[in-house]
Structures are given as C-alpha cells and as structure tokens.
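# Tertiary structure, described
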Amino acid sequence: MSLTLIFFLGLFFALVGVIPPGLLNMTAAKISLKEGHVRGIVFSIGVCVVVFAQTYLAAIFARYLSMHPEVVGILRSVALVIFVLITIYFLFIAKASSKQQIQPKVKSKHSRFFQGMLMSAINVFPIPYQAYMTITLASIGWLNFEQTSIVSYVAGAGMGTFVMLYIYIFFFDKIKSKSFTSQKNMNYIIGGITGIISMLTIIKIIKDW
C-alpha cells in the first residue's frame, strides 16, 4: 500500500470523526466568529498537535494488539457491540437537543493555541477510535505497521482534523442554519457511519470464523 493512499485513509477517517458538531469544531467556529479566522485557525492548530500524538499512540497500541490476535478478536467483538448500540441510539433513540453555546474568553493567539491543545487532550475519543480503525485497515491489508506507514497515517489524521475544523471556521455562518447541521440529521449521519463500520466488522468476524 502506497504511503499516499495511507495518508488519505488517515485523512478520511479523521475527517469522518470530526464531522459531527462537537466541542472542538464548534469552539473553533465560535472563536472565528467572535475574534476572527486567524485565532480560529491557531486554536485548530493546537487541536491538531494533540491529534497527531493521540493518533500515533493509537497506532502503536494497534501494532501491539496485532501481535496478539486473540486479544484483537475479543476487542473486535466488543467494538461490534459498542458500534451496534451507538447505531441504534443515534438512528432510533437520540432526539434533537439544543445547541451548546460556547463563550470564548481567552483573547491572545498563544492562549488560543494552548486552549486548543488542552481541549483536544481532554477529548480522548480519537485514541480508541483510531486504534480500532488502524487494526481494521491492517486486517484487510490496507495498512501495515512499519514506521513510515504509521507516520503517513498519523499525518493524514492530523490533516483531516484540520480540514474539518477549517470548514467549520470558514463556512459556519453559511451552514449553521442549513439542515446539514441540524441535530436530527447529524444523528442520522453518525448512526449511518457507525452502522457501516458495524457491517464491515461483522463481515470480518464471519470471514475469520
């Protein structure tokens, strides 16, 4: 698998992970609206620095797990249950909720950078998410755990995160009133994504049975 393709795989899956409106992308958009695009971008860079580290740790963890297939099998089954439950929740249970209002207080660019790092560090979801995705990609032969491949994937993940934050920063005014960003539609998007991942996991489990 070429490093370029691995890079774009990392970019795509990171992009997907940041699509739903959440604390990081909504904060980046709010900062941009209140203080200008530059500070929103500085905040996003701080976020991405931590995402690089989180994705690298996830890939190293996935490499360790790949050497213990019995553990991978158990984790894959557990992940399947979790993704199925998430899919059911977002497609059939979750209701539209009021949007969280975030009031940025810090003003300096450097403070925004470190604020981005801090908020990204608190958000530990990328670690299990990327660990699962790298294991899945490796199991179907789209990724190996050589250092160059890991670095390429990590770079793609960081870029994918930045691209989505960038989209929120520069287009939030235009898309915030559209149905794309409605909570109901975002629930369907998240449920659809986790549903697809669940189906791929089921197929993999059946093949390995």
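The preceding data block contains the structure.
Now for a look at the structure at hand. These numbers were taken from a predicted model, which means no experiment stands behind them.

In this section: the pattern of salt bridges. The full count for this structure, using the stated rule, is two salt bridges. Two residues, R39 and E35, come together in a salt bridge whose shortest N-O distance is 3.8 Å. One salt bridge in this structure joins E35 and R112, with 2.3 Å as the shortest N-O distance. Linking E35 in helix 2 (residues 23-35) with R112 in helix 5 (residues 109-122), this pair joins segments that are 77 residues apart in sequence. Put simply, E35, R39 and R112 are held in one network by salt bridges that share partners.

Moving on to the packing of helix 2 against helix 3 (residues 37-66). Relative orientation of the contacting elements helix 2 and helix 3 amounts to 155 degrees, with a least axis distance of 6 Å. Considered as vectors, helix 2 and helix 3 are oriented roughly antiparallel to each other. The handedness of the crossing between helix 2 and helix 3 is right-handed. Side by side, helix 2 and helix 3 meet where L24, T27, A28, I31, S32 and E35 of the first sit next to H37, R39, G40, F43, S44 and V47 of the second. Looking at the contact of helix 2 with helix 3 residue by residue, the class counts come to five nonpolar, five polar and two charged.

The rules behind each value
- Position numbers for residues count from 1 along each chain, tracking the sequence in the order it is written.
- For this predicted model, a pLDDT threshold of at least 70 governs which residues receive local features, and a threshold of 80 or more governs which side-chain atom pairs are given and counted, while totals over whole chains, interfaces and linings are taken from all residues.
- The basis for every side-chain value is the complete set of heavy atoms in the structure, and neither hydrogens nor water enter the calculation.
- Here, a salt bridge means any side-chain nitrogen of Lys or Arg that lies within 4 Å of a carboxyl oxygen of Asp or Glu.
- Under the scheme used here, helices are H or I runs from DSSP no shorter than 4 residues and strands are E runs no shorter than 2 residues, and both carry numbers assigned from the N terminus.
- Fitted lines through C-alpha atoms give the axes, limited to the stretch in contact for helices. The angle between two N-to-C directions lies from 0 to 180 degrees.
- For classification purposes, angles smaller than 35 degrees are called roughly parallel, those larger than 145 roughly antiparallel, those between 65 and 115 roughly perpendicular, and all remaining angles oblique.
- Crossings are classed by handedness, with left-handed meaning an anticlockwise turn of the near helix from the far one by less than a right angle and right-handed meaning a clockwise turn.
- In this description, contact between two residues means that some pair of their heavy atoms is separated by no more than 4.5 Å.
- Under the convention adopted here, Pro, Cys and the residues Ala, Val, Leu, Ile, Met, Phe, Trp and Tyr are nonpolar, Asp, Glu, Lys and Arg are charged, and Gly plus all remaining residues are polar.

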